[in-house]
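Residues per chain, in single letters:
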Amino acid sequence: MPAPPHSDQFTDWLRDHALPLTHLDPEAPLDDLGPLRELVGDARVVAIGENSHFITEFSNLRQRILRFLAERCGFTVLAFEYGFSEGFGLDAWAQGQGIDDDLAAQLATAIPVGVEEPLRWMRRHNATAATPLRFAGIDIPAAGGSLLPALAPVADYLRDIDPETLPAIEQAMRIAGSFASASAASAAPAWTRLPAAEQDALSAILMRLRVRFRAVEVLYVSRGDRPSYDVALRRLEAACHADYGFRAMAGLYAGTGWTADTSARDVYMAESVLWHLQRSDPGTRIVLPAHNAHIQKTSVSFNGHLTGLPMGQHLHNWLGDDYLALALTSITGHTADMRPDENARFGFAVDDVPLQPPEPGSIEAAFADAGLGLSLADLRRAPRDTPSPDRYRIQSAYLHTPVLDAFDAVLTTPTSTVADITH
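Residues numbered from 1 in each chain as written. Predicted model: local features only at pLDDT ≥ 70, side-chain atom pairs only at ≥ 80, totals over all residues. Heavy atoms only, no water.

Thoughts on the overall build of the protein chain
The secondary structure content of the protein chain amounts to 17 helices and 14 strands. For the protein chain, the C-alpha radius of gyration of 22 Å lies close to 22 Å, the compact-globule estimate for 423 residues. Over its C-alpha atoms, taken along the principal directions, the protein chain stretches across nearly 70 × 55 × 40 Å. Taken over 423 residues, the protein chain has a buried fraction of 55%. Taking contacts inside the protein chain between residues at least 6 apart in sequence as the whole, the part at least 24 apart equals 77%. (Helix = DSSP H or I, 4+ residues; strand = E, 2+ residues; numbered from the N terminus. Rg over C-alpha atoms; globule rule 2.2 N^0.38 Å. Buried < 20%, exposed > 50% of the residue type's maximum accessible area, 1.4 Å probe, protein only. Contact = heavy atoms within 4.5 Å.)

Here is the structure:
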């Protein structure tokens, strides 16, 4: 059955209430973003989405919004869809450690999801700022491609705190190293080719170590200190969630997976945001860039089947109005469709795909019918007594969800361009 178009009433409301923006240039003046101050209010975590990775306009807008929230609203942490464990090195660089060229080496094996330019701006900003900005990774290691960025520092910690566990974690690292890759796109199929005995051994070791960390917490803290323990445990939990993700993905593709079983990564990211928030100074506020499908406040379903509980749903449940989800999307242009390719650098190829006209019933179609260009709409003020968009773009497809429930606001660009990620 064709999707019903969004109502003329919603389109009329959007035309009358969406706020035009002026600039896409990250270095442009910030005055046009002034309405963001009221929209954000007192929220402690503001998530900035994108309907596709690798889009130039979305990266530019995120940088502008980061600048605005830092310079004019007092936000002091950038929490990124980047490995929790790897994030500590990037934070040190953003605080001024090392030399400018060190960043390229740290990001050499990372998927270029738009973290480099914000980090370079943060380093420049922090050189003169009274209150420096911090960087916080929140994700599982290497985008799910390798457990080693998390396990290697855990092994270093245990070498000093609990050396009798070293043979176990070294065995886990040996197994994890046998299928390590740049992303889950190539690591997941490599994991499926492991002997079942090795898959099970890896999971068993990780779970045993995690339970031991909790069981002898007092002993570990007495031999070291609380901050080191907390970081090591969170790193170990990252490896556990990533390992669980391999089983969940295998089950999904085999048709034997449990409902919403791929949610392990999202709940880890949500918990990591809280982890950083709870260990920061009172009043700390966090900017959180991530994909729209991660920041939305409603569950993710495809073809009527519940497939995931996203990070944003957890954060909304825990933080209430202290969490704000701002989606970024576009009306026309191109998108970056990702397809598995184990021979590609990151385990997937990126196809530059022209966007078709917005599908009726989508938030993109509503913006197009309202004749809007670069503009921002506070969906919390939209009428609830009339039909409203029930889907939004995700790459070149659509994710069906009540958009007014999924996001607090939407920022739309008139067009989108796929960035070159080969360099």
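Topic: the packing of helix H3 (residues 56-73) against helix H6 (residues 116-126)
Relative orientation of the contacting elements H3 and H6 amounts to 30°, with a least axis distance of 10 Å. The orientation of H3 with respect to H6, classified from their angle, is roughly parallel. Once H3 is placed against H6, the crossing between them reads as right-handed. Contacts between H3 and H6 involve Gln63, Leu66, Arg67, Ala70 and Glu71 on the former and, on the latter, Glu117, Pro118, Trp121 and His125. For the contact of H3 with H6, the residue count by class is 4 nonpolar, 2 polar and 3 charged. (Axes fitted to C-alpha atoms, helices over the stretch in contact; angles between N-to-C directions. Parallel < 35°, antiparallel > 145°, perpendicular 65-115°, else oblique. Left-handed = near helix turned anticlockwise from the far one by under 90°. Nonpolar A, V, L, I, M, F, W, Y, C, P; charged D, E, K, R; others polar.)

Let's talk about the environment of histidine 305
Here histidine 305 is to be found in strand S7 (residues 305-308). For histidine 305, a relative accessible area of 55% puts it in the exposed group.

Points about the packing of aromatic side chains
Taken as a whole, this structure holds 15 aromatic pairs when the rule is applied. Look at tyrosine 157 and tyrosine 220: their rings are 6.1 Å apart centre to centre, the planes differ by 65°, and that puts the pair in the edge-to-face class. In this pair, tyrosine 157 is assigned in helix H7 (residues 148-161) and tyrosine 220 in helix H11 (residues 217-223), connecting sequence segments 63 residues apart. Ring geometry for tyrosine 392 versus phenylalanine 407: centroids 5.1 Å apart, planes at 75°, classification edge-to-face. Here the residue tyrosine 392 occupies a position in strand S12 (residues 391-394), and phenylalanine 407 occupies one in the loop between helix H17 (403-406) and strand S14 (409-413), the gap between them amounting to 15 residues. Here the two residues tyrosine 392 and phenylalanine 407 agree in accessibility, since each one is buried. Among the aromatic side chains, those forming a connected cluster through ring pairs are Tyr157, Phe213, Tyr220 and Tyr229. Seen from the ring of tryptophan 93, arginine 123 lies directly overhead, with NZ or CZ sitting 4.6 Å from the centre. (Phe/Tyr/Trp six-rings, centres within 6.5 Å; stacked < 30°, edge-to-face > 60°. Lys NZ or Arg CZ within 6 Å of the ring centre and 35° of its normal.)

Quick notes on helix H8 (residues 166-177)
Here H8 spans 16 Å end to end across 12 residues, near enough to the 16 Å set by a 1.5 Å rise per residue. Those residues of H8 that sit buried are Leu166, Ile169, Ala172, Ile175 and Ala176. Where H8 is buried, its residues meet H7 and helix H10 (196-215). (Expected span 1.5 Å × (residues − 1).)

Observations regarding the sheet that holds strand S8 (residues 323-330)
Spatial strand order, S1-S11-S14-S8-S2-S5-S3-S4: 8 strands in an open sheet with mixed pairing. The outermost strands of the open sheet, each flanked by one partner alone, are strand S1 (19-20) and strand S4 (134-139). Where strand S3 (residues 77-83) lies against S4, 5 bridges are found, and the strand directions are parallel. Residue leucine 78 lies in a different strand from S4, and its bridge partner there is phenylalanine 135. Here H3 sits on the sheet in contact with strand S2 (45-48), S3, strand S5 (286-289), S8 and S14, set at roughly 150° to S8. (Pairing = 2+ DSSP bridges.)

Considering the environment of threonine 401
Along the polypeptide, threonine 401 turns up in the loop between strand S13 (397-400) and H17. Note on threonine 401: relative accessible area 5%, which makes it buried. Distance from threonine 401 to alanine 108, taken between C-alpha atoms, is 36 Å for residues 293 residues apart in sequence. With residues near it in sequence (within four places) discarded, threonine 401 still touches Gln296, Thr298, Ser299, Pro389, Asp390, Arg391, Tyr392 and Ala406.

Concerning the pattern of salt bridges
By the definition in use, this model includes 30 salt bridges. The shortest N-O distance in the salt bridge between arginine 247 and aspartate 200 comes to 2.9 Å. Here the residue arginine 247 occupies a position in helix H12 (residues 226-254), and aspartate 200 occupies one in helix H10, the gap between them amounting to 47 residues. Judged by its relative accessible area of 43%, aspartate 200 falls in the partly exposed class. (Salt bridge = Lys/Arg side-chain N within 4 Å of Asp/Glu carboxyl O.)

Description of the nonpolar core
Counting 50 residues, the largest nonpolar core has Leu69, Leu119, Met122, Phe135, Leu326, Leu376 and Leu411 as its most contacted members. For this core, the elements supplying multiple residues, two or more each, are helix H2 (35-40), S2, H3, S3, helix H4 (84-94), H6, S8 and S14. Counting residues per element, this core draws most heavily on H3, at 8 residues. Contacts of methionine 122, omitting those with residues within four sequence positions, involve Leu78, Ala94, Leu133, Arg134 and Phe135. (Core = buried A, V, L, I, M, F, W, Y, C linked by side-chain atoms within 4.5 Å.)

Quick notes on the side chain of threonine 335
Within the secondary structure, threonine 335 is located in strand S9 (residues 334-340). Look at threonine 335 and you get buried, because its relative accessible area is 2%. A polar contact of 3.5 Å, which involves the side chain of threonine 335, links it to the side chain of serine 52. In this structure, threonine 335 is in contact with Ser52, Ile55, Asp351, Asp352, Val353, Leu355, Gln395, Ser396 and Val418, ignoring residues within four places of it in sequence. (Polar contact = N/O pair within 3.5 Å; in protein donor to acceptor, adjacent residues only side chain to side chain.)

Just geometry here; none of it tells us what the structure is for.
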